[in-house]
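Below, each chain spelled out in residue letters.
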There are 2 protein chains.
Amino acid sequence: MSKTLDFYFEYSSPYGYFASTGIEALAARHDLTIRWHPILLGPMFKAMGSAPLVNIPLKGEYSRRDFQRTAKLFGIPYTHPDPFPIATVSAARATLYAREQHPEKLATLVGKLYAGFFAQGRAINETSVVLDICAESGLNRSAAESALAEDSLKALLKSEVDHALSQGVFGSPFLIIDNEPFWGFDRFDHIEKWLQTTARPST
Amino acid sequence: MSKTLDFYFEYSSPYGYFASTGIEALAARHDLTIRWHPILLGPMFKAMGSAPLVNIPLKGEYSRRDFQRTAKLFGIPYTHPDPFPIATVSAARATLYAREQHPEKLATLVGKLYAGFFAQGRAINETSVVLDICAESGLNRSAAESALAEDSLKALLKSEVDHALSQGVFGSPFLIIDNEPFWGFDRFDHIEKWLQTTARPST
């Protein structure tokens, strides 16, 4: 029986981007069904009394270096965006629109939005750029534009973020497999080990 | 030519403990000379406006789970201590004493202090327990006791922490190899990849 992998990610998160480049291979290796959850980290930072990584003294400087180095070590295209971080409401809403209405385009859209921001320097904080990327992902641009203006989609994103918080999600990427939470791209190897442990028959 | 590996660690840090169990093997694999730096994270938290991991909403709960799981996945003995976190001034000072006066006992002492706290439930916040562990590590208990009371050792710890901060150290474990900073036990595999990259001759 296929287990589910709940994948929570914020578009302004480099580690979320790195995770997105490997999530489908991870799921395929272990017969996991991905459920995609674009979130906004603002409410999480508020709950923790925290801030975006790059704005924290000491840790901020280190993290800028770690973004670049991690990308290089894992062979992932990366050009640190400027400005950074950005507002990702439109990108998250567009992703929910694809998830609900055109799930077959969803993974493509996520990949193109992330690569647009972190590899191609595209301003995915702008709705027009998000809509361009929707079109490049095979969605109808004007249908997406109408959807993004609807209150129901705004409400869906809000409820997704609230639900994520209620599940203990506080960062990006955040993965939950079989109630087991994993935070960070650097937990991918822990996930592999953990899945091997739990898959082992208890004879 | 042997490179140096500056290893910064706080005794109340589970990830510092995990790192300590693998640091000598890492150094041996890559012909690195370890320089041991026991630090206190208090001043780092102050600089970042942060707090001990377990005291942060959401992240705290997750981290308690991640400590246990990481230990299990890597086969490291672990019983989450109570109370936690603790004050580690005596343990850090004793470590500096060993480093300056009896460097041949240093790695043993670090291992026994960490295992005492995280595997055997010993109260290494208490000076008497630290001195017991000094003795078990081959140091003279009363000589260590005298040293711990000296102002020069207190000043040395303070200057170590100040120096660490000036190097951008903000967490535990924190490793610097050839000016390249790595934060976290989960950067061990990045270090391996990074060393392979930099070791490659540029022909």
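Residues numbered from 1 in each chain as written. Chains lettered and ligands numbered in written order. Predicted model: local features only at pLDDT ≥ 70, side-chain atom pairs only at ≥ 80, totals over all residues. Heavy atoms only, no water.

1. A closer look at the interface of chain B and chain A
Put simply, the rule is: Contact criterion: two residues are considered in contact whenever any of their non-hydrogen atoms come within 4.5 Å of each other. Defined here as a combined quantity, buried area equals the accessible surface (1.4 Å probe) lost by two parts on assembly, summed across both. The salt bridge criterion pairs a side-chain nitrogen of Lys or Arg with a carboxyl oxygen of Asp or Glu, the two atoms within 4 Å. Counting of polar contacts relies on pairs of N or O atoms within 3.5 Å, with two restrictions inside protein: one atom must be capable of donating a hydrogen and the other of accepting it, and residues adjacent in sequence are counted only when both atoms are side-chain atoms. Comment: elements are numbered from the N terminus, with helices defined as DSSP H or I runs of at least four residues and strands as E runs of at least two.
With 31 residues of chain B in contact, the opposing surface of chain A contributes 31 residues. A buried area of about 2900 Å², summed over both sides, lies between chain B and chain A, and 62% of it is on carbon and sulfur atoms. Taken as a group, B:L58, B:Y62 and B:L73 account for 22% of the area that chain B buries against chain A, more than any other trio of residues on that side. Run the count over chain B and chain A and you get 8 salt bridges. In this structure, B:E180 engages A:R69 in a salt bridge whose closest nitrogen and oxygen atoms are separated by 2.9 Å. The interface formed by chain B and chain A contains 14 residue pairs in polar contact (both at pLDDT 80 or more). For the side of chain B that touches chain A, the elements supplying multiple residues, two or more each, are α2 (42-48), α3 (59-73), β4 (180-183) and α9 (188-199) of chain B.

2. With respect to unusual backbone geometry
In this structure, A:P85 follows A:F84 across a cis peptide bond, with omega equal to -5 degrees. Position of A:P85 relative to the elements: it lies in the loop between α3 (59-73) and α4 (89-101). Here B:S172 and B:P173 are connected by a cis peptide whose omega angle stands at 0 degrees. With respect to the helices and strands, B:P173 occurs in the loop between α8 (151-166) and β3 (174-177).

3. As for the side chain of B:K59
Inclusion rule: Burial classes: relative accessible area under 20% of the type maximum marks a residue as buried, over 50% as exposed, and values in between as partly exposed (1.4 Å probe, protein chains only). The positive count covers Lys and Arg only, the negative count covers Asp and Glu only, and His and the chain ends enter neither.
Structurally, B:K59 is set in helix α3. Despite its burial, B:K59 remains without a salt bridge, the nearest opposite charge being carried by A:D186 at 11 Å. If we skip the residues at most four places from it in the chain, B:K59 touches A:M48, A:F170, A:W183 and B:L53.

4. Examining α3(A)
One full turn of an α-helix is made of 3.6 residues, so residues set three or four places apart face in the same direction. Residue and element names in this part refer to chain A. Convention followed: Here the expected length of a helix is defined as 1.5 Å per residue gap, with one fewer gap than residues.
The terminal C-alpha atoms of α3 lie 20 Å apart, and with 15 residues this matches the ideal 21 Å at 1.5 Å per residue to within 8%. Within the span of α3, buried status applies to K59, G60, Y62, S63, D66, F67, R69, T70, A71 and L73. A positive phi of about 70 degrees marks G75, the residue just after α3.

5. Some remarks on the sheet that holds β4(B)
Residues and elements named next belong to chain B. Rules: Strands are labelled as partners when DSSP assigns at least two bridges between them. For every element, the axis is a line fit to its C-alpha atoms; helices are fit only across the contacting stretch, and the angle between N-to-C directions ranges from 0 to 180 degrees.
Spatially, the 4 strands line up as an open sheet ordered β2-β1-β3-β4, and their pairing is mixed. Each edge of the sheet is formed by a strand with only one pairing partner; in this case those strands are β2 (32-38) and β4. The sheet shows a mean angle of 20 degrees between the axes of neighbouring strands, direction not considered. With 4 bridges joining them, strand β1 (residues 3-9) and β3 adopt antiparallel strand pairing. Bridge assignment links L5 to a residue of β3, and that residue is I177. In the packing of helix α1 (residues 14-29) onto the sheet, contacts are made with β1, β2 and β3, and the angle to β1 comes to roughly 170 degrees. Along the sheet face, helix α4 (residues 89-101) touches β1 and β2 and points at about 140 degrees away from the line of β2.

6. Focus: helix α5 (residues 106-118) of chain B
Residues and elements named next belong to chain B. Its 13 residues give α5 an end-to-end C-alpha distance of 18 Å, which sits within 8% of 18 Å, the value for a rise of 1.5 Å per residue. Those residues of α5 lying buried are L106, L109, V110, L113, Y114, A115, G116, F117 and F118. Here the buried face of α5 lies against β1, α1, β2, α4 and α6 (127-136).

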